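Commentary on secondary and tertiary structure
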Amino acid sequence: MIEIIPAVLPQTYREIEQGADLVHEIAPKIQLDFCDGKYVETKSWWFNGKDIEKKDSIIAENEGLPFWDSTNYEFDLMVSDPLSQIDTFVALGPSKIIFHKKTVSVEALLAYFETMPEIVRQVMSFGIALQLDDDPKEIAPLVPYLRRIQCMGIDHIGVQGQPFDDKCVALVKQCYDLYGETLRISVDGGVTAEHIPALVSAGARRLVVGSAIFQSVDPHGTIQMLQDIANA
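Quick summary incoming for the structure in this document. (Residues numbered from 1 in each chain as written. Predicted model: local features only at pLDDT ≥ 70, side-chain atom pairs only at ≥ 80, totals over all residues. Heavy atoms only, no water.)

**Description of the pairing of strand E4 (residues 96-100)**
With five of its five residues buried, E4 lies for the most part within the structure. Burial along E4 is two-sided: the face carrying Lys96, Ile98 and His100 and the face carrying Ile97 and Phe99 are both buried. Where strand E3 (residues 72-78) meets E4, four bridges bridge the pair, whose relative direction is parallel. Its bridge partner being in E4, phenylalanine 75 is matched across the sheet by isoleucine 97. Taken together, E3, helix H3 (residues 86-91) and E4 constitute a β-α-β crossover, and its handedness is right-handed. (Buried < 20%, exposed > 50% of the residue type's maximum accessible area, 1.4 Å probe, protein only. Helix = DSSP H or I, 4+ residues; strand = E, 2+ residues; numbered from the N terminus. Pairing = 2+ DSSP bridges. Right-handed = clockwise from strand over helix to strand, strands pointing away.)

In structure tokens form, the structure reads like this:
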């Protein structure tokens, strides 16, 4: 079963609420993209100074992310030095956290995984995102601690609505040849219906889609259409 994961790159907390409201009934998983304006040019909620009180309220457990009782949130950390802020991200309650290979060394991630609190290990899984010029072989030491590889389908990450780069298909195939089904392969960035057959054939099992879903007039219908194509 190929999964379609809607992605929200929020400028405000309200955009998370609006995005979740549109898709939570059909999509049990939603990816939130976090950008700090350093690793990528974009600044997302709360790095842009907006709605910081919402972040603080969730961390204090006064509230949860929208539809938290029926929706799993996956955090894509497009931020520099993500381990320095990992406690904040963990406290916001995601089911999965995705690091970008270019933002943290293999050695630092190994140290984190080997010493993380047991409660985090039990309730959360982790993935690593590769850009088009990354070498998948270099993440081999991390495999015992990972559930996902996320192949970026665009070169200029952190901005939704960019065209898909066909080099991503070769990256997916390389990852699948190295790790097979041990690590479930996602693709994020620029994915539309026309790219899905090649990506699935190459080994992708999860497709993260932002603009194609949220800019459509029928987000539910779009998700179902993409799901049907992926599983044909």
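**A few points about the pattern of salt bridges**
Enumeration over the complete set of coordinates arrives at 15 salt bridges. Linking arginine 206 and glutamate 3 is a salt bridge whose minimum nitrogen-to-oxygen distance equals 3.2 Å. Pair noted here: arginine 206 is in strand E8 (residues 206-209) and glutamate 3 is in strand E1 (residues 3-8), with a separation of 203 residues, a long-range link. In terms of burial, arginine 206 and glutamate 3 fall into one category: buried. (Salt bridge = Lys/Arg side-chain N within 4 Å of Asp/Glu carboxyl O.)

**Considering the pairing of strand E6 (residues 148-152)**
Sheet faces and side chains relate simply in a regular strand, where the side chains alternate between the two faces. Most of E6 is tucked away: five of the five residues are buried. Here E6 shows no split at all, with Arg148, Gln150 and Met152 on one side and Ile149 and Cys151 on the other all buried. Judged from the four bridges that link them, strand E5 (residues 125-130) and E6 form a sheet pairing that is parallel. Each bridged residue has a counterpart across the sheet, and for alanine 129 the counterpart in E6 is glutamine 150. As paired elements, E6 and strand E7 (residues 184-188) share five bridges and run parallel to each other. Residue pairing across strands places arginine 148 opposite arginine 184, the latter belonging to E7. In the classification by handedness, the crossover that spans E6, the intervening helix H6 (residues 167-179) and the parallel E7 is right-handed.

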